[in-house]
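Read off the chains here:
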Amino acid sequence: MSTGLEPRRQVGVDVETTEEELEELIGDRALARDDHKNAPGFVIRPDEVQDVLFDLRDEAGFDHLSCLTAQEYADRYESIYHLKKYADPTQEVSIVVPTTSDEPTSQSAEPVFRTADWHEREAFDLVGIDYEGHPDPRRILLPETWQGHPLSLDYNQTKPQVVSLTEHANPIQPDQKGAESDTMFLNIGPHHPATHGVLHIKTVLDGETVADVEPDVGYLHRCEEQMCQSGTYRHQIMPYPDRWDYVSAGLLNEWAYARVAEDLADLEVPEYAQVIRTMGAELCRIASHMLALATFALDVYGDFTAIFQYGMRDREIVQDILEDLTGQRLMFNYFRLGGVAWDLPEPREEFFEKIRDLLDELPAKVAEYDDLLTGNEIFQVRCVDTGILEPEVAKQYGCTGPVARGSGIDYDLRRDDPYGYYENLEWDVVTEDGCDNYSRVLVRMQEVEQSAKIIEQCVDLLEDWPEDDREIQSNVPRTLKPEADTETYRAVEGAKGELGIYIRADGTDKPGRFKIRSPCFHNLSALPEMSEGEYIPDLIASLGSLDIVLGEVDR
Amino acid sequence: MSSDQNKPRQSIYDSTAPSTDTRDSRIGEGADDRFNSKLREAFGSTPFILTKFDKFMNWVRGSSMFMLQFGIACCSIEMMHTYAIKHDLDRFGAGVPRASPRQADVIIVPGTIVSKFGPRMKRVYDQMPEPKFVVGMGSCTISGGPFQEGYNVVKGAEEIVPVDIHVPGCPPRPEALVYGIAKLQERVANGESSPVVVKPYELEEFGDLPRDELVQKLADQIDEDDLVMRYNWSDSP
Ligand code: SF4
């Protein structure tokens, strides 16, 4: 069994699975081919899901269920399992599982990939496919009493709905021996300072130990997918990604949409724009990690005065620069398909100067954070060896980003599935082997330094960029209408991990299906693994170290 | 006896004691000069002021507002920046976030409200002691903002709680929020309040809902006396 710790280069060529091998492996279980732009696709029967996925996972090494897309066509329902390899995410395969319209029942993939649990609940909730053998078939994003499935074709959005406000019951009550049990049920959230937004955690405590945890999400389900499905490709969708991971990670999210749409419509991006994108995205990463750090300090020792304020101070500086670049502090809407909205602000020297000041001051600041935070004994007591997330477990839950890298999984799409200008720059992927809350913090701190390194190289490039070659956007048709039934799934490395988007074009200027793969959603689903059996304060620390953003969890 | 003795003692006719002694005895030991001394001087010889109780209370309320530490969506990031360094809302006497609604005077609603959260927000609002004030931050709390068309989105905070001040923007800049709160303080100090313009969704007992098709369908899922919020999406503005 792989520990996930060996660097991926060692695995080398063995890891390669060709299309022929895939065909052979799936054999006649494949009813047809349904290739997507990003990956070969195989159509299989709804009662052979586990069978095929087990084979793909164990024989061919597809150990990452990146996303599950569910959608309804006029004549059928369809679930698409987007599989990848942690060792090499450019190797992808899509397993397409159609079911009939009258009886949309499909086998659950939960025994193969734990992360399918939440995914299938979401697919049931929004689209209405039933998954047979699912351990917990409930709604996840919408309230339990909701009527209908909003992303199905015949949903009527003007019908009234009733939402109840009842006390939550102890989920493991039936296992307890009646009134004598000494467990206590505790609601954390949805309005609670430690939940980083509107998250509700149903917790059962046994003394001070956490006996059971269940995150209850959906308090910020803003219908992002529906919104994107009703916007036109060219301009109307781009503002929404800013609002998924709204912790200043806007440009990183925009890139996810830009990448998938450019892939769908075969658009080129000029090199100059790529450099600007890369620089902007990394600035966003710094801002985002700073907030993660600041709020983590707030979580573990209620430090509203020092570290929290320091983090905010540094974010202000980054936000100022981003405002100069994009015109907004938070919701940038700066990327365009085929490039960026406008060139760097004039006078350019002043702008570069500002960035260089930031970069020059950063090492001292990082050292300061180290003194205050990671070098602090109290902090270490709270974080070292708490919230353990083993790499194998992390993979089962589809964890990515700093959470996975804190568990020693060497996985970063910027390097492994390159896009933008990252390939041509010098930087390293940071991993830590501790698997605990402390490692996750360390990873973020070091990633800030790596981002600074990337930005510095971008600034160098941009400063010397010849004036007559500053093309910020390629030629993009006014209305984009990708051919009907082109499907693609693409991901980028967002601040929190792998942020993917699946689009199916239906021949109009709006997507037929727009599905968002949110890294926070997966990372959060691993919370019970990290905190059950630990103390309640460690639960809060673990939650903080996951650095979730509810806008992205609930979408 | 010298004639000097017939004159009043100098300590009497030169003395300012009658006024200062009175004042000192009224003020007591009094505050050190470092405290509101300028204000004291302005009051002159008496520490008493005459005003209407209501007016005084309004002034007190407006000058020290406790905010509820309440984050919903993207706008809460800018709200945090408003509290934090640089913008520092506390300068205006309104920057102490309280984690419990029982201790808060003002709730800033920073973000999109969706159906699942509506009843919870109403509950949090109900838990705040009177008098309480609401600042709606961002387009989402005005109309649902960019998500207005969504199947799950409440079209503005005013559908659930009465809002005193709307701060538009997506998100509003921290400066805008500071301005909104300063305006609220001004209004509170002047004793103004806002009328409720929309009939809000209420929390009611399930048994009290009119028995239409939907309610009958849900009857076996929800108890008669459970609190529910009924969203009539088609009536939304
Ligand atoms: S107004 Fe804009 S920034 Fe604020 S919560 Fe709504 S979408 Fe987010």
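Procedures and definitions
- Residues numbered from 1 in each chain as written.
- Chains lettered and ligands numbered in written order.
- Predicted model: local features only at pLDDT ≥ 70, side-chain atom pairs only at ≥ 80, totals over all residues.
- Heavy atoms only, no water.
- pLDDT = per-residue confidence, 0-100.
- Helix = DSSP H or I, 4+ residues; strand = E, 2+ residues; numbered from the N terminus.
- Polar contact = N/O pair within 3.5 Å; in protein donor to acceptor, adjacent residues only side chain to side chain.
- Pairing = 2+ DSSP bridges.
- Axes fitted to C-alpha atoms, helices over the stretch in contact; angles between N-to-C directions.
- Buried < 20%, exposed > 50% of the residue type's maximum accessible area, 1.4 Å probe, protein only.
- Contact = heavy atoms within 4.5 Å.
- Core = buried A, V, L, I, M, F, W, Y, C linked by side-chain atoms within 4.5 Å.
- Buried area = accessible area lost by both parts, 1.4 Å probe.
- Salt bridge = Lys/Arg side-chain N within 4 Å of Asp/Glu carboxyl O.
- Domains from an automatic or database assignment.
- Patch = residues over 30% accessible without salt bridge, like charges linked within 9 Å, V, L, I, M, F, W, Y side chains within 5 Å.
- Areas by Shrake-Rupley, 256 points an atom, 1.4 Å probe, with all protein chains shown as cover.
- Lys, Arg positive; Asp, Glu negative; His and termini not counted.
- Charge placed at Lys NZ, Arg CZ, Asp CG, Glu CD.
- 1 Å grid on protein atoms, 1.4 Å probe; cavity = no way out; pocket = protein on both sides within 12 Å on 5 of 7 lines; lining within 4 Å.
- Points joined across faces, edges and corners; volume = space filled by probe spheres on them.
- Nonpolar A, V, L, I, M, F, W, Y, C, P; charged D, E, K, R; others polar.

> Whenever I open this one, the confidence of the model for chain B confuses me. Can you help?
In low-pLDDT segments, the atomic positions of the prediction should not be examined closely. When the pLDDT values of chain B are averaged, the result is 80; 79% of them are 70 or greater. Interface scoring of the predicted complex returns ipTM 0.83; its pTM is 0.85.

> In this structure, what is going on with the side chain of R555 of chain A? I would like to understand it.
Structurally, R555 of chain A can be placed in the segment after α18 (550-554). Within the structure, the side chain of R555 of chain A is placed 3.5 Å from the side chain of E225 of chain A, a separation counted as a polar contact.

> Mind showing me how you'd approach the sheet that holds strand β9 (residues 183-188) of chain A here?
Two modes of strand pairing occur in sheets, parallel and antiparallel, and in both the strands are linked by backbone hydrogen bonds. Residue and element names in this part refer to chain A. Spatial strand order, β9-β10-β11: three strands in an open sheet with antiparallel pairing. Strand pairing shows two members of the sheet lacking a second neighbour, β9 and β11 (209-216), which therefore form its edges. Put simply, the sheet's adjacent strands are angled 20 degrees from each other on average, direction ignored. Pairing between β9 and strand β10 (residues 200-206): six bridges, direction antiparallel. Following the sheet pairing, F185 is matched in β10 by V204.

> I tried to follow unusual backbone geometry on my own but got confused; where do I start?
Peptide bonds are, in most cases, trans, and in most cases residues other than glycine have a negative phi. All names here are of chain B. The step from E130 to P131 runs through a cis peptide bond, and the omega angle for that step is -10 degrees. Inspection of the secondary structure puts P131 in the loop between α6 (118-127) and β4 (133-137). A cis geometry characterises the amide bond from C170 onward to P171, with omega recorded as -10 degrees. Relative to the helices and strands, P171 is located in the loop between β5 (165-167) and α8 (174-189). Here the phi dihedral of D88 falls at roughly 40 degrees; this positive angle occurs in a residue that is not glycine.

> Help me understand the pairing of strand β3 (residues 64-72) of chain A, please; the structure alone is not making it clear to me.
One face of the sheet, then the other: side chains in a regular strand alternate in exactly this way. Residues and elements named next belong to chain A. Across the nine residues of β3, nine count as buried, placing the element largely inside the fold. Where β3 meets strand β4 (residues 76-84), eight bridges bridge the pair, whose relative direction is antiparallel. Opposite E72, over in β4, you have Y77 as the bridge partner. Count of turn residues in the β3/β4 antiparallel hairpin: three residues.

> It is not clear to me how the environment of F117 of chain B should be interpreted in this structure. Could you clarify?
Along the chain, the position of F117 of chain B falls in the loop between β3 (106-110) and α6. The class for F117 of chain B is buried, based on a relative accessible area of 0%. Distance from F117 of chain B to I77 of chain B, taken between C-alpha atoms, is 19 Å for residues 40 residues apart in sequence. Apart from residues lying up to four places away in sequence, F117 of chain B is in contact with P190, V198 and Y219 of chain A together with F70 and I72 of chain B.

> Whenever I open this one, the nonpolar core confuses me. Can you help?
General note: in soluble globular proteins, nonpolar side chains tend to be found buried as a group. Counting 201 residues, the largest nonpolar core has L53, Y81, I95, Y246, Y257 and M279 of chain A together with I72 of chain B as the members making the most contacts within it. With 19 residues, the next largest nonpolar core counts M65, M67, I108 and M137 of chain B among its residues.

> For this particular structure, what's the right way to read the interface of chain B and chain A?
For interface size, the figure often reported is the accessible area lost on association. Contact residues are listed per partner, giving 55 residues for chain B and 59 residues for chain A. Here chain B meets chain A over a buried area of about 5,000 Å², counting both sides, of which 65% is carbon and sulfur. When the area that chain B buries against chain A is broken down by residue, the three leading residues are K116, R120 and Y151 of chain B, summing to 18%. The tally of links from chain B across to chain A stands at five salt bridges. Here E78 of chain B makes a salt bridge to R329 of chain A, at a shortest N to O gap of 2.7 Å. The interface formed by chain B and chain A holds 23 residue pairs in polar contact (both at pLDDT 80 or more) in total. Elements with a contribution of two residues or more to the side of chain B that touches chain A: α5 (74-83), α6, α9 (213-218) and β7 (227-231) of chain B.

> Can you walk me through the domain arrangement of chain B in this structure?
All names here are of chain B. Per the domain assignment, the segments of chain B are domain 1 (10-43), domain 2 (59-189) and domain 3 (198-237). Once you take the C-alpha centre of each, domain 2 and domain 3 turn out to be 26 Å apart. Contacts between the two partners involve 15 residues from domain 2, matched on the other side by eleven residues from domain 3. Together, the buried faces of domain 2 and domain 3 total about 1,100 Å²; carbon and sulfur atoms form 62% of this surface. Considering only the side of domain 2, the residues that lose the most area to domain 3 are K122, K155 and E159, jointly responsible for 44% of the buried surface there. The interface formed by domain 2 and domain 3 holds one salt bridge in total. For E202, the salt bridge identified is with K122, shortest N-O distance 3.6 Å. One can count two residue pairs in polar contact (both at pLDDT 80 or more) joining domain 2 with domain 3.

> I keep staring at a negative patch on the surface and nothing clicks. Help me out?
Residue and element names in this part refer to chain A. Taken together, the side chains of E271, E346, E349, E350, E353, D357, D360, E456, E467, D468, D469 and E471 define an acidic patch exposed on the protein surface. It is helix α9 (residues 348-374) that provides the largest number of residues to the negative patch, a total of five residues. With respect to the element layout, E349 can be found in helix α9. Owing to a relative accessible area of 59%, E349 belongs among the exposed residues under this scheme.

> Would you take a moment to explain empty space enclosed by the protein for this structure?
Unfilled space is identified by rolling a water-sized probe across the atoms. The full count for this structure, using the stated rule, is six cavities of 30 Å³ or more. Approximately 480 Å³ is the volume attributed to the largest cavity. If you go around the largest cavity, you meet 29 residues; those closest to its centre are P193, H196 and G197 of chain A together with G71 and M80 of chain B. For the lining of the largest cavity, the elements supplying multiple residues, two or more each, are α7 (271-301) of chain A together with α5 of chain B. Residue composition of the lining of the largest cavity, grouped by class: 19 nonpolar, eight polar and two charged.

> Looking at this model, I keep getting lost on the domain arrangement of chain A. Mind explaining?
Residue and element names in this part refer to chain A. We note that the domain assignment places domain 1 (19-132) and domain 2 (249-480) within chain A. Contacts between domain 1 and domain 2 engage 14 residues on the former and 15 residues on the latter. When the buried surface of domain 1 facing domain 2 is broken down by residue, K37, Y86 and R114 rank first, second and third, together holding 50% of it. Inspection of the domain 1/domain 2 interface yields two salt bridges. For K395, the salt bridge is made with D63, and the minimal N-O distance between the two is 3.8 Å. Along the contact surface separating domain 1 from domain 2 lie seven residue pairs in polar contact (both at pLDDT 80 or more). In the side of domain 1 that touches domain 2, the residues fall into four nonpolar, three polar and seven charged.

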